[in-house]
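The primary structure of each chain is shown beneath.
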Amino acid sequence: DIARYSKLISPKDTGHNEEREEKLLERCPPGHEGTKFVDIPTTILDVSGAIIAWYLPDALTDATQVEIWAASNLLAPSLKKSVKVDSNWRTNEEWFNQSSENVELTPGCINLSLAWFQQGHE
């Protein structure tokens with residue numbers, strides 16, 4: 001039950017505390033044994049029927065993916081500035097490693113607040 005699980009965890013749960021993870025697994029065990037390999041469009045539900053995730057292979061065409069990669073290069077300077085030493089968990093450099101598979105994409109974090117100005121913020 002994703003709602004019950006979300007009430008049990010906090011931003012401080014990083015997945016690195018084995019004792020804490022064991023307690024969470026006891027209280028919220030997975031709904032199946034083992035790993036399920038999915039290679040078709042799928043909706044993943046919890047036991048109450050709440051949608052946890054969608055898997056949509058090939059939802060983005062190759063051309064769209066190329067455009068996204070090109071656009072992401074424009075974000076590189078902002079992404080690079082966002083990662084800091086000893087900052088909060090959202091922007092701490094410990095969580096942002098350069099991929100060995102893809103050196104083109106700069107790791108980082110950008111917070112987008114749509115309609116920020118319309119809400120009266122500056």
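## Considering the overall build of the chain
Then step 1. Of the regular secondary structure elements, the chain holds 4 helices and 2 strands.
Then step 2. Going from N to C terminus, the chain has its helices and strands arranged as α-α-β-β-α-α.
Then step 3. The buried share of the chain, taken over its 122 residues, is 9%.

## Digging into unusual backbone geometry
Then step 1. Located in the positive-phi region is aspartate 58, a residue other than glycine, with phi close to 65°.
Then step 2. Within the fold, aspartate 58 resides in the loop between strand S2 (51-55) and helix H3 (62-74).

## What to know about the pairing of S2
Then step 1. Two strands pair when backbone bridges link them, and strand S1 (residues 42-45) and S2 are joined in this way by 4 bridges, in the antiparallel orientation. In the sheet register, leucine 45 faces S2, and the bridge partner there is isoleucine 51.
Then step 2. Here S1 hands over to S2 after 5 residues, with glycine 49 in that stretch at a positive phi of 95°.

## A look at the side chain of aspartate 46
Then step 1. Relative to the assigned elements, aspartate 46 resides in the loop between S1 and S2.
Then step 2. A polar contact of 2.9 Å, which involves the side chain of aspartate 46, links it to the backbone nitrogen of alanine 50.
Then step 3. Not counting the four nearest positions on each side in its chain, aspartate 46 is found in contact with Asp1, Ile2, Ala3 and Ile52.

## What to know about the confidence of the model for the chain
Then step 1. Scored by pLDDT, the chain has a mean of 80; 85% of the residues are at 70 or more.
Then step 2. Element-level mean pLDDT values for the chain span from 78 in helix H1 (residues 2-8) up to 89 in S2.

## Let's talk about the pattern of salt bridges
Then step 1. Enumeration over the complete set of coordinates arrives at 1 salt bridge.
Then step 2. Across the pair glutamate 19 and lysine 23 runs a salt bridge whose closest N-O atoms are separated by 3.7 Å. Within this pair, glutamate 19 and its partner lysine 23 are both found in helix H2 (residues 18-27), separated by 4 residues, close to a single helical turn.
Then step 3. Judged by its relative accessible area of 54%, glutamate 19 falls in the exposed class.

## Quick word on a nonpolar patch on the surface
Then step 1. Residues Leu45, Ile51, Trp54 and Leu56 make up a contiguous nonpolar surface patch of about 460 Å² in total accessible area.
Then step 2. Its location among the elements puts tryptophan 54 in strand S2.
Then step 3. Under the relative-accessibility criterion, tryptophan 54 is labelled exposed at 59%.

## Considerations on the environment of isoleucine 110
Then step 1. Inspection of the secondary structure puts isoleucine 110 in the segment after helix H4 (76-82).
Then step 2. Since its relative accessible area comes to 33%, isoleucine 110 is described here as partly exposed.
Then step 3. Between the C-alpha atoms of isoleucine 110 and serine 78, which are 32 residues apart in sequence, the distance is 7.4 Å.

What counts, and at which threshold
Residues numbered from 1 in each chain as written. Predicted model: local features only at pLDDT ≥ 70, side-chain atom pairs only at ≥ 80, totals over all residues. Heavy atoms only, no water. Helix = DSSP H or I, 4+ residues; strand = E, 2+ residues; numbered from the N terminus. Buried < 20%, exposed > 50% of the residue type's maximum accessible area, 1.4 Å probe, protein only. Pairing = 2+ DSSP bridges. Polar contact = N/O pair within 3.5 Å; in protein donor to acceptor, adjacent residues only side chain to side chain. Contact = heavy atoms within 4.5 Å. pLDDT = per-residue confidence, 0-100. Salt bridge = Lys/Arg side-chain N within 4 Å of Asp/Glu carboxyl O. Patch = residues over 30% accessible without salt bridge, like charges linked within 9 Å, V, L, I, M, F, W, Y side chains within 5 Å. Areas by Shrake-Rupley, 256 points an atom, 1.4 Å probe, with all protein chains shown as cover.

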